[in-house]
2 protein chains.
Amino acid sequence: MSALPSVDEAPRARFRPPAVPQVEVRGFWGSRVDAVADKTADILYQRCVEAGMLDQIDPDRPVPALRIPFHPNGTVTMQMFWDSDLGKTIETAAYCVYRKPNPALEAKIDAVIDMFEKLQQEDGYLSSWYQRMEPGKRWTNLRDCHELYCAGHLIEGAVAYYQATGKRKLLDVMSRYADHIGTVFGPNPGQRKGYCGHEELELALVKLARVTGNHKYMDLAKYMVDQRGQQPHYFDEEAKARGADPADYHFKNYEYNQAHKPVREQDKVVGHAVRAMYLYAGMADVATEYGDDDLKKALDRLWDDLNSKRLYVTGGLGPSADNEGFTSDYDLPNETAYAETCAAVGLAFWANRMLGMGPNTRYADAMELSLYNGSISGLSLDGSLFFYENPLESRGGHNRWKWHRCPCCPPNIGRMVASIGTYMYGQAEGEVAVHLYCDSTATLDIGSAEVKLTQDTRYPWDGAIGITVDVAKPTRFALNLRIPGWCRKATLSVNGAPVDLKAATEDGYARIEREWKAGDTVQLDLDLAVEQLHAHPEVRQDVGRVTLKRGPLVYCLEGIDNPLSLNRLRVPAPSSFTANFEPGLLEGVVTLAAEAEADATGDWNGDLYRTAAPKTETVPIKAVPYYAWDNREPGEMLVWLRGG
Amino acid sequence: MSALPSVDEAPRARFRPPAVPQVEVRGFWGSRVDAVADKTADILYQRCVEAGMLDQIDPDRPVPALRIPFHPNGTVTMQMFWDSDLGKTIETAAYCVYRKPNPALEAKIDAVIDMFEKLQQEDGYLSSWYQRMEPGKRWTNLRDCHELYCAGHLIEGAVAYYQATGKRKLLDVMSRYADHIGTVFGPNPGQRKGYCGHEELELALVKLARVTGNHKYMDLAKYMVDQRGQQPHYFDEEAKARGADPADYHFKNYEYNQAHKPVREQDKVVGHAVRAMYLYAGMADVATEYGDDDLKKALDRLWDDLNSKRLYVTGGLGPSADNEGFTSDYDLPNETAYAETCAAVGLAFWANRMLGMGPNTRYADAMELSLYNGSISGLSLDGSLFFYENPLESRGGHNRWKWHRCPCCPPNIGRMVASIGTYMYGQAEGEVAVHLYCDSTATLDIGSAEVKLTQDTRYPWDGAIGITVDVAKPTRFALNLRIPGWCRKATLSVNGAPVDLKAATEDGYARIEREWKAGDTVQLDLDLAVEQLHAHPEVRQDVGRVTLKRGPLVYCLEGIDNPLSLNRLRVPAPSSFTANFEPGLLEGVVTLAAEAEADATGDWNGDLYRTAAPKTETVPIKAVPYYAWDNREPGEMLVWLRGG
């Protein structure tokens, strides 16, 4: 679990995330993790089985018939990436069986791992699709067919399962596969100059390098990052090699998979949203580990582009279903928002890895935003139902489902929630960063020592956070505490003595470097005022509208609480709202209530249009956190409310 | 051309439309008609030829290969209704060669008519699709395959060509076909109890009855209207007869083609919008001719439903591309509005036929609205380019095209514009109604005499309308003059003497019954104030927004006149606008100008969201009539503007 030795000396500290077992989560996230451990983890396994995945993976079973027809283009079926669904299911199960022993599930996962082990070829290759369904076609279409993407997810599953259970079998299997990939792909003569059309392997190889201490996986990740979009273009060459015309590419150009130019030259967030996030996450890992400032610059350009022009206020992203991704600047439709759960999860991945290069609340703010809103909106409160799309407006017809033909989101939100502890902290040589506040206890590795931090807080419902330090002996290190960008008023004290926050804060983190001893306490108070956000005037869908926010939580109105057409409402100023904790509602949430004006319909007399402006009437309204919507009776939902 | 003798005595006057040759159109509509006569008519013929239609119709040519593949369901190709495209093309040509001799086009149309004559079977049957492409399958799928719809359009073309040129060939061909249809379909033993999935034949049969004086066509229209939706359901029986399961119907239920229940029981406008409008038009004709109050009641229910819940402010209708039609109450999305040109044309058909039962401005208002806005928006000012969809908001990517695989709209808007004179007047025994104001001269048949009316007006740019009466000898009749529902102030005089409008007006028409003599003059002044319309608060897409309107014209902003994102603007009160005639712009239009507030972007500093409301700046804006949009450089367009 120790930090990987430096490849060469980086110009800054490398903040690496703790492994899941290092953080015991309680409070808000504790109940989310419990929902996943109690329900989601078993559901994921069961639905994978019902989908027929094991029939494809288990070499002892007859080769099954195709279950999911090829797309009309004849190249792709979602069945091609079943290995990835299992990889994420294994990863979710790993975190869950660590939190709550579940011998039955662990035994099933062990059996799946045995299948993969048995399936693996002598040379290390491992793909249930290409070994069983399309033998002889391996490495012929990285552009479309998710071959290395599957490897990435199985690697992530292997790392998680090893960390959670100590069992090495899948880690060894996937190390052998990664070794094989490293012989096939690379800069040397006879090696393929390729990379996957769906990024994922890059960040997985970094995880594998960190857990095994083996640099070559990191180097392979860096190679794939840097090779992306180079000329001659691998996807062109590959298409010609299989007798296809590269111009026939369904998505027209390689913006779809962020391979339109070398990544260091990219400055606009384009294409498939999940692919983009996974790529940038891998790039951030590489930038962190290699101290690569040039890559960091590219990442910051992309970060600015995303955050200034194409991020939903919920932390969702990728407005269009057509490319499951990005469109034009400021195009953020609400009702038709694709905003795939996986993409918001991917943003949390990316933001978290930007924090590897040092604490900066611009990254942590976005991570927190996507975690508390656009990500966990994708999972029902009881952990049993899912969203693929996360719109910001609904007329009542967008409801959670049990499973999907493209079941990428359920295990993705499952593994993210179950591993939430790793997002809360960063650990570096002599440094600890607290990125997220949540009742929890973390045991962190700062190189020279182990530091235990206990957070005592009702956050996000309340802004008071008490932190107790525990160290075996007095130890000098810097504690970096995030002061969220949204917070207008914060106070901080150490052992009761106030800290001058302004002086102590850089990039939105208060840095307290001192010799800490066991029992030292830190008290941080973040003001959680109700606020209203306005969107940039170029976001045409949101003009004249506001979003309610309190702390990290974005709010919405639901029809069940507000029985009239939600667009008829016009909300008053933020100060008119009261925040009330309702323990019996939606597993306990703070709701926001006010009197609002509603356009009246009583005097329209069958007219559809008229010259007189609508009259208004006063009605009480109540908003709930966006993440908790559609957990009751189906109905309307609205995030951007008419304001002013 | 004389009115058809009554089948039985109707309880009210039957106002029948004049034929195209009865009205000479100048002014606003004159230049629209000229564009069609100068360009559209030839273009329609040429594009039909290029599409390969004549290869299918001409029995002297070899049977051609399929040009337009079947839909994935394997039942329908748009090539099935090529006869209808030719029917409407003939109809357009008819009106145009009457207005401006065009011997070359007339010769080509004559040749097409010769082909149809040659194609017609001994028994009268005539369908290029079923005779040439799918022989042996006739009358097997009325639900999906447009067989009777094609007959209807060819009948309309035949009537128009006869009225315009005096040539009877196609009229005789189509009378024989109608005779044949009358033997196949009907209530008698051995006859099929069917009707078309796409309504059209009904209204065409009424036209045929009126022009030939032959009642049986009217009776057949009435039969098909009343048989629609009866049980056992014809479409069920027909599906079973061809070995299909009625439950496999692509559109799930017969709301799609308004056959879900008997038409007299229908109270909600549903399904495919063009089909609905054509059905209701046919129903209105039947209600007029048979004095059928029960049917009129059903029509008024449907009228109220359309006009109170599902009509765009432009007179466009049918918001959804999925069913090319209607969705739920008050669902009127602007950018994704389907609002097919044909549907707005269809509304003009229906409204016009409601006026058959007597003048009432509720129908004429909607007719005028759709004619001046949502219909002619579908044709470029020069008559060469077309819209299929007529959205109320565009980001610049919705532009006019040359042709369409489903080319229903170009000849539909062509024939409507070229026959505009028929919409302007109604003629009945001792009655004349003026539904639309336009510089024009009409020769109307009031049974006992011929009445010539000359309108002298710059309407819709100016509200002053002078009307001169010409009769061979002093004649008593009622002149019904429409006072539009949108008009807040009107004055009327006869030979200089003021008329008490309030006393004279019923259902929005001022009725002046007197003995008229040649040279009598009427002066009507309609106030054309700039107004702003608000939508019913349940129209969620339009809350807080207004539409600019002046007289019958709905206005929009275009990017070319207003170089900033249009949703950033907030328009001032109607009184702040000045109306200015610009002779050099868009062939001469009145524009509306004002100073508006725009949300400023200069101080956003890369933020996408913030708590401070946007600052505003003042910018000049200019609005143009909606019908004229996208006739210059492509760019943004917006009808519903942020208001107040």
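Residues numbered from 1 in each chain as written. Chains lettered and ligands numbered in written order. Predicted model: local features only at pLDDT ≥ 70, side-chain atom pairs only at ≥ 80, totals over all residues. Heavy atoms only, no water.

Caption draft 1: The overall build of chain A, seen in detail. Broken down by element type, chain A carries 18 helices and 23 strands. Here the C-alpha radius of gyration of chain A, 25 Å, is about what a compact globule of 644 residues would show, namely 26 Å. Counting only C-alpha atoms, chain A reaches 75 × 70 × 50 Å along its principal axes. When burial is assessed residue by residue, chain A has 65% of its 644 residues classed as buried. In chain A, the proportion of contacts linking residues at least 24 apart, taken out of those at least 6 apart, comes to 71%. Entry remark: accessible area of chain A is about 21,500 Å², with carbon and sulfur atoms responsible for 49%. Considering chain A, the positive charge centre built from 70 side chains and the negative charge centre built from 89 side chains are found 0 Å apart. (Helix = DSSP H or I, 4+ residues; strand = E, 2+ residues; numbered from the N terminus. Rg over C-alpha atoms; globule rule 2.2 N^0.38 Å. Buried < 20%, exposed > 50% of the residue type's maximum accessible area, 1.4 Å probe, protein only. Contact = heavy atoms within 4.5 Å. Areas by Shrake-Rupley, 256 points an atom, 1.4 Å probe, with all protein chains shown as cover. Lys, Arg positive; Asp, Glu negative; His and termini not counted. Charge placed at Lys NZ, Arg CZ, Asp CG, Glu CD.)

Caption draft 2: Fine view of the environment of V20(B). All names here are of chain B. Residue placement: V20 occurs in the segment before β1 (23–25). With 255 residues separating them in the primary sequence, V20 and R275 have C-alpha atoms 24 Å apart. Apart from the residues within four sequence positions on either side, V20 is in contact with Y95, A418, S419 and T422.

Caption draft 3: Seen up close, the UniProt feature "domain: Non-reducing end beta-L-arabinofuranosidase-like GH127 middle" (unreviewed entry) in chain A. Sequence positions flagged by UniProt for "domain: Non-reducing end beta-L-arabinofuranosidase-like GH127 middle" (unreviewed entry) are, in local numbering, residues 432–527 of chain A. Segment residues 432–527 of chain A splits into 4% helix and 58% strand. End C-alpha atoms: 23 Å apart. (UniProt positions renumbered as here; feature names shortened; annotations may be inferred.)

Caption draft 4: Examining the relation of the copies chain B and chain A more closely. It takes a turn of 180° to lay chain B on chain A, together with a shift of 0.0 Å along the axis; the resulting RMSD is 0.0 Å. Those values place the two copies in the arrangement expected of a two-fold rotation axis. Closest approach to the rotation axis among the C-alpha atoms of chain B is made by G544(B), whose C-alpha sits 4.2 Å away. A shared binding surface is used by both copies, with 100% of the interface residues of chain B retained as interface residues in chain A. (Least-squares fit on C-alpha atoms with pLDDT ≥ 70 in both.)

Caption draft 5: View of the sheet that holds strand β5 (residues 440–445) of chain A. All names here are of chain A. Here seven strands make up an open sheet; going across it, the order is β1-β5-β6-β7-β13-β9-β10 and the pairing antiparallel. The sheet terminates laterally at β1 (23–25) and β10 (497–498), the two strands that pair on one side only. Sheet analysis places β1 next to β5, joined by three bridges and oriented antiparallel. By the bridge assignment, E24 is partnered in β5 with T441. (Pairing = 2+ DSSP bridges.)

Caption draft 6: Region of the structure containing the interface of chain B and chain A. Opposite the 48 residues of chain B that make contact, chain A presents 48 residues. Counting the surface lost from both chain B and chain A, the interface buries some 3,500 Å², and carbon and sulfur atoms represent 55% of this. Of all residues in chain B, R540(B), L608(B) and Y609(B) give up the largest surface area on contact with chain A, accounting jointly for 22% of the area buried on that side. Counting the contacts that link chain B with chain A gives eight salt bridges. Residues E335(B) and R540(A) are paired through a salt bridge, measuring 2.8 Å at the closest nitrogen-oxygen approach. At the boundary of chain B and chain A, one finds 20 residue pairs in polar contact (both at pLDDT 80 or more). (Buried area = accessible area lost by both parts, 1.4 Å probe. Salt bridge = Lys/Arg side-chain N within 4 Å of Asp/Glu carboxyl O. Polar contact = N/O pair within 3.5 Å; in protein donor to acceptor, adjacent residues only side chain to side chain.)

Caption draft 7: Spotlight on the nonpolar core. Of all hydrophobic cores here, the largest spans 228 residues; its most connected members are W29(B), I181(B), M277(B), Y280(B), W350(B), M416(B) and L453(B). Here this core takes 13 residues from helix α12 (residues 273–290) of chain B, the largest share from any one element. Mapped onto the domain boundaries, this core takes at least three residues apiece from domain 1 (425–526) and domain 2 (530–642) of chain B. In this structure, Y280(B) is in contact with Q258(B), K268(B), V269(B), V270(B), L299(B), L302(B) and W350(B), ignoring residues within four places of it in sequence. Core analysis: the next-biggest nonpolar cluster, separate from the first, contains 227 residues, V23(A), C196(A), C342(A) and L569(A) among them. (Core = buried A, V, L, I, M, F, W, Y, C linked by side-chain atoms within 4.5 Å. Domains from an automatic or database assignment.)

Caption draft 8: Seen up close, the environment of D322(B). All names here are of chain B. You can see D322 is positioned in the loop between α13 (293–309) and α14 (341–354). The exposure class of D322 is exposed, given its relative accessible area of 72%. For the pair D322 and V173, spaced 149 residues apart in the sequence, the C-alpha separation amounts to 37 Å.

Caption draft 9: Quick look at the domain arrangement of chain A. Residue and element names in this part refer to chain A. In terms of domains, chain A is made up of domain 1 (23–250), domain 2 (425–526) and domain 3 (530–642). In this structure, domain 1 and domain 2 have C-alpha centres spaced 37 Å apart. Domain 1 puts seven residues into the contact, and the matching count from domain 2 is 11 residues. A combined buried area of about 680 Å² lies between domain 1 and domain 2, and 60% of that area is made up of carbon and sulfur atoms. Among the residues of domain 1 in contact with domain 2, V23, R26 and F28 are the three that bury the most area, contributing 72% of the side total. Our count for the domain 1 to domain 2 interface comes out at one salt bridge. In this structure, the salt-bridge partner of R26 is D439, at a minimum N-O distance of 2.9 Å. Our count for the domain 1 to domain 2 interface comes out at five residue pairs in polar contact (both at pLDDT 80 or more). Secondary-structure elements contributing two or more residues to the side of domain 1 that touches domain 2 are β1 and α1 (27–51). Class assignment of the residues belonging to the side of domain 1 that touches domain 2 gives a composition of four nonpolar, one polar and two charged. (Nonpolar A, V, L, I, M, F, W, Y, C, P; charged D, E, K, R; others polar.)

Caption draft 10: Focus on the pairing of strand β7 (residues 464–471) of chain A. All names here are of chain A. Here strand β6 (residues 450–457) pairs with β7 via seven bridges, running antiparallel. Pairing of L453 across the sheet is with V469, part of β7. Between the end of β6 and the start of β7, which pair antiparallel, lie six residues.

Caption draft 11: Focus on the sheet that holds strand β3 (residues 425–428) of chain A. All names here are of chain A. With mixed pairing, five strands are arranged side by side in an open sheet as β3-β4-β8-β12-β11. Of all the strands in the sheet, the pair left with one neighbour each is β3 and β11 (505–506). As paired elements, strand β8 (residues 475–482) and strand β12 (residues 509–516) share eight bridges and run antiparallel to each other. Directly across from T475, in β12, lies its bridge partner W516. The sheet strands contacting helix α15 (residues 361–375) are β8 and β12, and the helix crosses β8 at an angle near 60°. (Axes fitted to C-alpha atoms, helices over the stretch in contact; angles between N-to-C directions.)

Caption draft 12: Looking closely at the confidence of the model for chain A. Per-residue confidence for chain A gives a mean pLDDT of 96; residues scoring 70 or more make up 98%. For residues 1–8 of chain A, every residue scores under 50 in pLDDT, and the model assigns this stretch 23 contacts once sequence neighbours within four places are set aside. (pLDDT = per-residue confidence, 0-100.)

Caption draft 13: The pattern of salt bridges, seen in detail. Counting across every chain of the model gives 128 salt bridges over all chains. Between D331(B) and R395(A) there is a salt bridge, and its shortest N-O distance comes to 3.3 Å. Placement of the pair is D331(B) in the loop between α13 and α14 and R395(A) in the loop between β2 (393–394) and α16 (409–418), with the two residues belonging to separate chains. Residue class for R395(A) comes out partly exposed when judged on its relative accessible area of 36%. Connected via shared salt-bridge partners are R14(A), R16(A), R210(A), D285(A), E289(A) and R353(A).

Caption draft 14: Examining helix α10 (residues 215–227) of chain A more closely. Residue and element names in this part refer to chain A. With 13 residues, α10 should reach 18 Å at 1.5 Å per residue; the first-to-last C-alpha distance of 18 Å fits that figure. Those residues of α10 not exposed but buried are Y217, M218, L220, A221, Y223, M224, V225 and Q227. Backbone geometry just after α10 places G229 at a positive phi near 80°. (Expected span 1.5 Å × (residues − 1).)

Caption draft 15: Focus on the pairing of strand β16 (residues 553–558) of chain B. Residues and elements named next belong to chain B. In terms of burial, β16 is largely enclosed, as six of its six residues are buried. Every second residue of β16 is oriented toward a common face, with L553, Y555 and L557 on one face and V554, C556 and E558 on the other, all of them buried. One ladder, built from two bridges, connects strand β15 (residues 545–550) with β16; its direction is antiparallel. In the sheet register, R550 faces β16, and the bridge partner there is L553. Hairpin connection of β15 to β16: two residues between the antiparallel strands, including G551 at a positive phi of 60°. In terms of strand pairing, β16 meets strand β21 (residues 616–625) through three bridges, oriented antiparallel.

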